[in-house]
Amino acid sequence: MRHTRLRPERRRTPTGERDFRRLWAGDAVSQLGSQITLFALPYTAVSVLHAPGGQLGLLQALYTLPFLLVPLPVGLWLDHRPLRGVLIAVHLCCALLVLSVPLASAAGTLGLAQLHLVAALGGAATVTAEIAMFALLPRLVAADRLAWANSRLNAGLAVAVTAGPGLAVWLTTLLGAPNALLADCLTYLFCAGALGRITHRQPSRPVRRDGGRLRPELTAGLRVVLGYAPLRRIAVHAALFNACAQAVNVALVVYLVRDQHLGGLYGVVLVCGGLGGTAGALLAPPLIRRLGHGRAALAAATVAAPAFWLVPAADGTRATVLAVSSAGLCAGSAGAGALGVVSTTVRHLASPPALHARVSAAFRLVSFALVPVGALAGGLLVDGLGARATLWAAPAAMMTALLPLLTRPVRALHHVERQDRRAQHGLPGPGVTASRPPG
């Protein structure tokens, strides 16, 4: 008898998940490059163009202003465009945008006006790309894999935030601030190439208007976010939490560098924060499976807020301050990372596919609305009360931000069924379950 060797059957990866891995790889590399630009662009303004403080403030304002102005119109536009093609085009435009800085520097024509233009267009491109990416994601993976996919994307961002600043400093020292942006140009090109390998195709759809009026289409995403009680409460918490986090960020550098004299060791604290964010993002899917969406959000937020109190509580030697502050930022970032995965998954599941971009845009608008207020308040508190007092006050405000998550619509939210493709006009339909199923 002839014996036939049987080959073990390989588990085939679904096409959508292969496409997601291409999306994830491109985004992870692009996020790393963006951290380089966020460091190198203002550094170029200071070291090469000798910009005063007011110009640096304007540079930051121009980058963040699109976060408030762009989401709603871009969300409507994206819901009627092939998302893959838009993402490729945006990343290619970003590559040209950052490439213009080292080219202008080499030609001796670089000026502050160009940096301001790069910042404004870069901010608009960042918002557009993020909304498009999170709208494309539910088309690539099954509903029961959305938490896993969001976890991987958030973990990639956390790794970029952790490693990016150190890489940016090294490249700036090696190549000079303008030329460091060449690395970001390459990451954008890599991301465009990875997106080009995605096999999913989506046709354009004409914008349908109600009686010729654009406003109902423009605000459809807001009607989902504000009309579905659990998502509305999660968004309100995110807005309050992000504002307090900005105050923490402002006070943290002053407290650790100036008051505690940690100097360059401040970077170690930030690295620990990035590691915590990565861990929180990876732990979110099992947390959702064990507790459900609502209680997972509450658990993550309950860990995040009080953990930041460890920073002002640290006292003693520099080693003690470094260790305790690192632990506090690590735990706080872990809670925030897990909460980000939960909130993204809930809004994906609770919105019809035809509105994914608009819902992501609306949620982003609400959750980032108070960020400038938090940053301004943090600066005023640091000047008036001191950095340590600010670091006590900001987490206390975070604790009050838990109130929307303590309400019954969030606590009872165990499972969210994916909305049917035929659902229209924004408000969640009967597929949403806001309570624990029997058994």
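Summary of the structure given here. (Residues numbered from 1 in each chain as written. Predicted model: local features only at pLDDT ≥ 70, side-chain atom pairs only at ≥ 80, totals over all residues. Heavy atoms only, no water.)

**A closer look at the packing of helix H15 (residues 318-349) against helix H16 (residues 356-368)**
Two packed helices can be described by the angle between their axes and the distance between those axes.
Working step 1: Interhelical geometry of H15 versus H16 gives an angle of 140° and a closest axis separation of 10 Å. It follows from the interaxial angle that H15 and H16 lie oblique. Handedness of the crossing formed by H15 with H16: right-handed. Counting all contacts with H15, which are made through Ser-343, Arg-347 and His-348, the residues of H16 involved are His-356, Val-359, Ser-360 and Phe-363. (Axes fitted to C-alpha atoms, helices over the stretch in contact; angles between N-to-C directions. Helix = DSSP H or I, 4+ residues; strand = E, 2+ residues; numbered from the N terminus. Parallel < 35°, antiparallel > 145°, perpendicular 65-115°, else oblique. Left-handed = near helix turned anticlockwise from the far one by under 90°. Contact = heavy atoms within 4.5 Å.)

**Notes on the nonpolar core**
Working step 1: Of all hydrophobic cores here, the largest spans 94 residues; its most connected members are Phe-20, Leu-23, Leu-78, Leu-87 and Leu-137.
Working step 2: Tallying contributions element by element places helix H6 (residues 112-140) first for this core, with 14 residues.
Working step 3: Among the nonpolar cores identified, the runner-up in size contains 26 residues, and Leu-262, Val-269, Phe-308 and Val-382 belong to it. (Core = buried A, V, L, I, M, F, W, Y, C linked by side-chain atoms within 4.5 Å. Buried < 20%, exposed > 50% of the residue type's maximum accessible area, 1.4 Å probe, protein only.)

**Some details on H6**
Working step 1: Between its terminal C-alpha atoms H6 stretches 41 Å, which fits the 42 Å expected from 29 residues at 1.5 Å a residue.
Working step 2: Across the 29 residues of H6, 21 count as buried, placing the element largely inside the fold. (Expected span 1.5 Å × (residues − 1).)

**A closer look at the pattern of salt bridges**
Working step 1: Going through the model one piece at a time under the given rule, you end up with three salt bridges.
Working step 2: Across the salt bridge formed by Asp-19 and Arg-22, the nearest N and O atoms sit 3.0 Å from each other. On the criterion of helical spacing, the pair formed by Asp-19 and Arg-22 is a turn pair, its members being three residues apart in helix H1 (residues 15-47).
Working step 3: A salt bridge links Glu-130 to Arg-364; the shortest N-O distance between them is 2.4 Å. With Glu-130 in helix H6 and Arg-364 in helix H16, the pair connects residues that are 234 residues apart, well separated along the chain.
Working step 4: Given the relative accessible area of 11%, Arg-364 is considered buried. (Salt bridge = Lys/Arg side-chain N within 4 Å of Asp/Glu carboxyl O.)

**Here's the deal with the packing of aromatic side chains**
Working step 1: Per the stated rule, a full pass over the model turns up three aromatic pairs.
Working step 2: For the pair Phe-20 and Trp-148, a centre-to-centre distance of 5.1 Å together with 55° between the ring planes defines the contact as tilted. Of the two residues, Phe-20 is situated in helix H1 and Trp-148 in helix H7 (residues 146-175); the sequence distance between them amounts to 128 residues.
Working step 3: With a relative accessible area of 2%, Phe-20 lands in the buried category.
Working step 4: A relative accessible area of 15% places Trp-148 in the buried class.
Working step 5: When the ring centre of Phe-134 is taken as origin, the NZ or CZ atom of Arg-347, which lies over that ring, is 5.6 Å away.
Working step 6: Taking the ring centre of Phe-67 as reference, the NZ or CZ of Arg-364 above it sits at 4.8 Å. (Phe/Tyr/Trp six-rings, centres within 6.5 Å; stacked < 30°, edge-to-face > 60°. Lys NZ or Arg CZ within 6 Å of the ring centre and 35° of its normal.)

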